[in-house]
Amino acid sequence: MASPIADGGSRTVRWIVPAYNEEASIGDLIDRIAEVSSAEGWEFEIEVIDDGSADGTGEIASWRAAAGVPVRMLRNDPNQGLGRTIRRGLKDAAERSAPDDVLVTLDADLTQDPGYAPAMLAKLDEGYDVVIASRYRAGSGVEGLSALRRVLSYGASGTVALLRPIRGVRDYSCGFRAYRANALREAFAREGDDLVCEAGFACMVEIAERLREHATFAEVPFTLRYDAKRSASTISILPTIGAYFRVIARVSAAHRKPVPAATLAVAFASIALGASGQLMLRQGAAPLAGSAFAATLADALATPEVLGGLALYAASSALWLAVLSRMDVSVAYPLGATGYVLVVLLAWLSGEVVPPLRWFGVALIVLGVLLVGWLGVAPKVGAGGAAARRAGDRA
Amino acid sequence: MTLAELAAVLAAVTLVVAGQVTLKWGMELVGPITGARLRQPFGLLGDVASHWQVWVGSALYVTSAAAWIYALSTVPLSVAYPFLGLTYVGVAAIAVTVFGEWLTPAQWIGIALVVAGVVTVALTAGAA
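Residues numbered from 1 in each chain as written. Chains lettered and ligands numbered in written order. Predicted model: local features only at pLDDT ≥ 70, side-chain atom pairs only at ≥ 80, totals over all residues. Heavy atoms only, no water.

A. The overall build of chain B, seen in detail. Across its full length, chain B carries seven helices and zero strands. Secondary structure of chain B in N-to-C order comes out as α-α-α-α-α-α-α. Counting only residues that meet the buried cut, chain B has 48% of its 128 residues in that class. Within chain B, contacts between residues separated by at least 24 positions form 74% of all contacts whose residues are at least 6 apart in sequence. Entry remark: accessible area of chain B is about 6100 Å², with carbon and sulfur atoms responsible for 75%. (Helix = DSSP H or I, 4+ residues; strand = E, 2+ residues; numbered from the N terminus. Buried < 20%, exposed > 50% of the residue type's maximum accessible area, 1.4 Å probe, protein only. Contact = heavy atoms within 4.5 Å. Areas by Shrake-Rupley, 256 points an atom, 1.4 Å probe, with all protein chains shown as cover.)

This is how it looks when you write it as structure tokens:
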């Protein structure tokens, strides 16, 4: 497939603007979007979803439509909140899109300048599914926000990045994004209306989280112009951060593969056999201490405990291999970690002296293994994957 | 823990990781083992045996078991076994360097904790 740009603008850029009581900004925003889109030579449409505004937001947008600007109006009545509003806009636009169309979401309050969209689309054309205008890149900025709110929002994004990082993403909550229409269509087909369950600002974190396994992400630097805002802010930081955690916990739990009881039972059997085998190996090998390597081995292979231990070890490995592919790392790693506790416990019961510091060391190892398998984020194949495939399609 | 004991334990751990990775490499060349292939057991065995990675991986496993038994002849189990936590570190290191996979910050912290835990356990066995 050729690049959409080379096709001579066969794609449509669909701007999605959720607006609640934005009469002070919506008119100028529509004009600015039209200016940017026309300058780029894009076919475009501006979808304004009026979320039950009590002011003149809807009228102003309708005047622009009447004046010939390609504005499509949707209205929620009564007010539904950002989550449902953005979902309605994304779904409506995705359903009406050709596969190579682009959906751009942004706030209606002039804090996010549409002038960044050309850079975002250029990035999208490198083969990404989602491009975020990011406050946290070299060259990014935030104007007109108090230091406290900047620290809080940086902390919130940092926490999401630590718990559930997505390759290529630093700004998980910014609503200024460009999506390949197809990526969203597939997401709606997969998740239905569950794609956006969060009512408030956390819906942005939720969308990214639900796309994480299926889409490739990139960012461009952008400056959030809070000083350009003409309406009162409706975001309350702390509840929003709380909602981020809720989203992450819920979505990651929903995407986890359930493990059948039989699989778990086999896994535990494997761990128990392995631990017993280790104890037998030690008890068989200990009396041989002091000999040279070859002599020790020769004697060991004539010792029933060592042979039994090796047999248990082999059986344990075979069982583990049999069930490993049916478990996520978020299950397999913690199970594996219990093996350390069990082996040291057996060693202690058999008479080894285990000082408290050694237990502490074992606890560190277990904690470390849990973290490595934490929340089911397996080590991920690099950005090469889907993006490279797509670039290959285009070539 | 003497240096020789430490060397034996670490050798066993290293050989296990090398064996795992080499065997996985070989089995990926063999491809998925389907029901149809299981009905031709000799053909399947021939496929498996035709890849040197399978042989080298198995040999590494056997060597690792030998080093492990030698280590266990003098090192208490509660000291030696926690060293196997390093296999997670080794697998992660190979995933990152060879296969270009990436780790999350939480996973890096986890790896640091495993290493710290192993060092702690080693320290409780007396100076090397």
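The structure having been displayed, the exposition proceeds.
B. Region of the structure containing the pairing of strand 8 (residues 217-221) of chain A. Residues and elements named next belong to chain A. The element strand 8 is extensively covered by neighbouring structure, given that four of its five residues are classed as buried. Bridge count between strand 5 (residues 130-134) and strand 8: five bridges; the pairing is parallel. Note on strand 8: the bridge partner recorded for Val130 is Phe217. (Pairing = 2+ DSSP bridges.)

C. Representation of the nonpolar core. Counting 78 residues, the largest nonpolar core has Trp15, Ile46, Leu90, Leu103 and Phe217 of chain A as the members making the most contacts within it. In terms of residues, this core owes the most to one element, helix 8 (residues 237-254) of chain A, which gives seven residues. Residue contacts for Phe217 of chain A: discarding those within four places in its chain leaves Tyr128, Val130, Ile132, Ile166, Arg167, Gly168, Val169, Ala208, Leu211 and Arg212 of chain A. Counting residues in hydrophobic clusters, the runner-up holds 47 residues, among them Ala347 and Val372 of chain A together with Met1 and Val121 of chain B. (Core = buried A, V, L, I, M, F, W, Y, C linked by side-chain atoms within 4.5 Å.)

D. View of the pattern of salt bridges. Residue and element names in this part refer to chain A. Scanning all chains against the criterion turns up 26 salt bridges over all chains. Close ionic contact of Arg14 with Glu45 constitutes a salt bridge, the shortest N to O distance being 3.3 Å. On the criterion of sequence distance, the pair formed by Arg14 in strand 1 (residues 12-19) and Glu45 in strand 2 (residues 43-51) is long-range, its members being 31 residues apart. Look at Glu45 and you get buried, because its relative accessible area is 16%. The partner of Asp50 in a salt bridge is Arg75, with the nearest N and O atoms 2.5 Å apart. Here Arg75 lies in strand 3 (residues 71-76) and Asp50 lies in strand 2, a separation of 25 residues in the sequence. A single network of salt bridges, built from pairs that share partners, joins Arg14, Glu45, Glu47, Arg72, Asp92, Arg96 and Asp101. (Salt bridge = Lys/Arg side-chain N within 4 Å of Asp/Glu carboxyl O.)

E. Geometry of the interface of chain B and chain A. Listed per partner, the contact involves 41 residues of chain B and 54 residues of chain A. With both chains or domains summed, chain B and chain A bury close to 3800 Å², and 75% of this area falls on carbon and sulfur atoms. Its largest share of buried area at the contact with chain A, chain B owes to Ile69, Tyr88 and Trp102 of chain B, together 19% of the area lost on that side. For the pair chain B and chain A, the interface holds 10 residue pairs in polar contact (both at pLDDT 80 or more). Secondary structure elements with two or more residues in the side of chain B that touches chain A: helix 4 (52-72), helix 5 (77-80), helix 6 (86-97) and helix 7 (105-123) of chain B. Broken down by element, the residue count for the side of chain B that touches chain A peaks at 13 residues, all from helix 7 of chain B. (Buried area = accessible area lost by both parts, 1.4 Å probe. Polar contact = N/O pair within 3.5 Å; in protein donor to acceptor, adjacent residues only side chain to side chain.)

F. View of the packing of helix 3 (residues 82-95) of chain A against helix 6 (residues 181-191) of chain A. Residues and elements named next belong to chain A. Two elements in contact, helix 3 and helix 6, have axes separated by 9 Å at closest approach and are oriented at 110°. The angle between helix 3 and helix 6 places the two elements in the roughly perpendicular class. In the packing of helix 3 onto helix 6, the handedness of the crossing is left-handed. Here Arg87, Leu90, Lys91, Ala94 and Glu95 of helix 3 lie close against helix 6, whose contacting residues are Leu184, Arg185 and Phe188. (Axes fitted to C-alpha atoms, helices over the stretch in contact; angles between N-to-C directions. Parallel < 35°, antiparallel > 145°, perpendicular 65-115°, else oblique. Left-handed = near helix turned anticlockwise from the far one by under 90°.)

G. A look at helix 5 (residues 147-163) of chain A. Residues and elements named next belong to chain A. Its 17 residues place the ends of helix 5 24 Å apart at the C-alpha level, agreeing with the 24 Å of an ideal helix rising 1.5 Å per residue. Buried residues of helix 5: Ser153, Ala156, Ser157, Val160 and Leu163, and no others. Angular distribution of buried residues about the axis of helix 5 spans 135°; they occupy a single face of the element. Opposite its buried face, helix 5 presents the exposed residues Ala147, Leu148, Val151 and Tyr154, each directed more than 90 degrees away. Contact partners of the buried residues in helix 5: helix 7 (203-211) and helix 8. (Expected span 1.5 Å × (residues − 1). Arc of directions from axis to C-beta.)

H. The arrangement of unusual backbone geometry in detail. All names here are of chain A. Across the junction of Asp77 and Pro78, the peptide omega takes the value 0°, indicating a cis bond. If you trace the backbone, Pro78 turns up in the loop between strand 3 and helix 3. A positive phi angle is found at Asn21, which is not glycine, with a value near 50°. Relative to the helices and strands, Asn21 resides in the loop between strand 1 and helix 1 (26-40).

I. Looking closely at the packing of helix 1 of chain A against helix 2 (residues 57-66) of chain A. All names here are of chain A. Between helix 1 and helix 2, the least distance of the axes is 9 Å, while the angle of their chain directions is 30°. Classified by the angle between their axes, helix 1 and helix 2 sit roughly parallel to one another. Here helix 1 runs over helix 2; the crossing is right-handed. Across from Ile26, Gly27, Asp28, Ile30 and Asp31 in helix 1, the residues of helix 2 making contact are Thr57, Ile60, Ala61 and Arg64. Class assignment of the residues belonging to the contact of helix 1 with helix 2 gives a composition of four nonpolar, two polar and three charged. (Nonpolar A, V, L, I, M, F, W, Y, C, P; charged D, E, K, R; others polar.)

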